[in-house]
Amino acid sequence: MTTHAPQAANTVTLPGSLDEAVAALAAVPAAVPVAGGTDLMAAVNSGLLRPAALVGLGRISEIRGWQYQDGHALLGAGLTHARMGRPDFAALIPALAAAARAAGPPQIRNAGTLGGNIASAAPTGDALPVLAALEATLIVAGPGGSRREIPVGHLLAGFEMLAPGELIGYVRVPLLHAPQTFLKATGRTGPSRATASVAVVLDPARRHVRCAVGAVAPMPLRPLDAERWVSSLIDWDGERTLAPEACAAFGEYVAAACIPDPAPAEPVLEAAQSPQHGEPGATLPPAVLHLRRTVATLARRALGRALA
């Protein structure tokens, strides 16, 4: 979100419905929508953003809850992390509830919203790998009461973007009625931004394991080959258990797919090929190797807990 206005916002609109919010954005193209404001205010306070106008979404009650729809949960974009972390929501979508509870300290969870997490698309957004693993779909509101659907993965990858005046209204998530987990690693004790996160979702109807890794790239990564491999090992008609060695191999497979070894540098001189010089660029730096081990551990544990 950017604006060319040099001064702080001097106009604040508080619409009462999603369509009114879209109309307000259309009336003032430089306006910025704001719900919880956790990312927006950080940008404003750091001087990165000076919005000419704000469209507040806090009064739009229709996007602050959820409902059931044809085997899916239709989640309002205004759902806060605190609300998603409650037991009744956790019974519905456990991995998303776990991500919401890990989103930060209470003041962040009470203000931050699901839609804001998606629209900001920060690599460390805790909800993003869960939504990618669940293959959620966004319902976007546009001018004139229009609605269109975008797979959440397409938006995060930049394949499809929000047009001017559009807003994320709802997130449609399939209810799989199967185990799902979310784990994350942080750089310090207590709620903080993830250095790596992993979501694992079991889909018994399709006999498939879905996995997404967050915080290690600009968008959540799906290790599709690792998903197919481990799915083929599971007895979907039985107890759905795997040996610890298989879970560990899955973790390594996921980590190597998301943080691959660098390609060997092409030798320029003959000396570059000699054993004493080795192959320049063929190994990962220690910090990256540590991150890869972290991803492997998270993926192994997430799968193990989902199958437990």
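Predicted model, so just to flag it, every value in this text is computed and none were measured. (Residues numbered from 1 in each chain as written. Predicted model: local features only at pLDDT ≥ 70, side-chain atom pairs only at ≥ 80, totals over all residues. Heavy atoms only, no water.)

A. Local environment of the nonpolar core. Of all hydrophobic cores here, the largest spans 40 residues; its most connected members are Leu75, Ile93, Leu96, Ile118, Leu131 and Val171. A total of seven residues in this core trace back to one element, the largest contributor, which is helix 8 (residues 127-134). What leucine 96 contacts, discounting residues up to four positions off in sequence, is Leu75, Met84, Phe89, Ala127, Val130, Leu131 and Gln180. Judged by nonpolar contacts, the second largest core, of 33 residues, contains Trp236, Leu242, Ala302 and Ala306. (Core = buried A, V, L, I, M, F, W, Y, C linked by side-chain atoms within 4.5 Å. Buried < 20%, exposed > 50% of the residue type's maximum accessible area, 1.4 Å probe, protein only. Helix = DSSP H or I, 4+ residues; strand = E, 2+ residues; numbered from the N terminus. Contact = heavy atoms within 4.5 Å.)

B. Layout of the packing of aromatic side chains. Tallied over the full model, the rule gives two aromatic pairs. Centre to centre, the rings of tryptophan 66 and phenylalanine 89 are 5.0 Å apart; their planes meet at 80°, and the pair counts as edge-to-face. With tryptophan 66 in strand 4 (residues 66-69) and phenylalanine 89 in helix 4 (residues 87-90), this pair connects stretches of sequence that are 23 residues apart. For tryptophan 66, a relative accessible area of 24% gives the class partly exposed. (Phe/Tyr/Trp six-rings, centres within 6.5 Å; stacked < 30°, edge-to-face > 60°.)

C. The packing of helix 10 (residues 224-233) against helix 11 (residues 244-258), seen in detail. Taken N-terminus to C-terminus, the directions of helix 10 and helix 11 make an angle of 165°; their axes are 9 Å apart at the nearest point. Taken as axis vectors, helix 10 and helix 11 run roughly antiparallel relative to one another. Crossing geometry of helix 10 relative to helix 11 is assigned as right-handed. Between helix 10, through Asp225, Ala226, Glu227, Trp229, Val230 and Leu233, and helix 11, the contact on the second element is made entirely by Ala246, Ala249, Phe250, Tyr253 and Val254. For the contact of helix 10 with helix 11, the residue count by class is nine nonpolar, no polar and two charged. (Axes fitted to C-alpha atoms, helices over the stretch in contact; angles between N-to-C directions. Parallel < 35°, antiparallel > 145°, perpendicular 65-115°, else oblique. Left-handed = near helix turned anticlockwise from the far one by under 90°. Nonpolar A, V, L, I, M, F, W, Y, C, P; charged D, E, K, R; others polar.)

D. Up close: the sheet that holds strand 11 (residues 208-214). The strand order 9-10-11 describes an open sheet built from three strands, whose pairing is antiparallel. Lying at the two open borders of the sheet, with one neighbouring strand each, are strand 9 (180-186) and strand 11. On average, adjacent strands in this sheet sit at an angle of 10° to one another, irrespective of strand direction. Bridge count between strand 9 and strand 10 (residues 194-203): seven bridges; the pairing is antiparallel. Residue pairing in the sheet places threonine 186 in a bridge with alanine 194 of strand 10. (Pairing = 2+ DSSP bridges.)

E. Region of interest: the state of the cysteines. Scanning all chains against the criterion turns up zero disulfides. Of the cysteine sulfurs around cysteine 211, a residue in no disulfide, the closest is that of cysteine 258, at 6.8 Å. (Disulfide = S-S within 2.5 Å.)

F. Structural view of the pairing of strand 4. Where strand 4 lies against strand 5 (residues 72-76), four bridges are found, and the strand directions are antiparallel. Note that in strand 5 the partner of glutamine 67 across the bridge is leucine 74. Adjacent in sequence and paired antiparallel, strand 4 and strand 5 are bridged by two residues, among which aspartate 70 carries a positive phi angle near 50°.

G. How the structure looks around the confidence of the model for the protein. The predicted model of the protein averages 89 in pLDDT, with 90% of residues at 70 or higher. Segment residues 1-8: pLDDT under 50, and 17 contacts once partners within four positions in sequence are set aside and those in other chains are kept. In the predicted structure, residues 269-281 sits below a pLDDT of 50 and forms eleven contacts with residues beyond four places in sequence or in another chain. (pLDDT = per-residue confidence, 0-100.)

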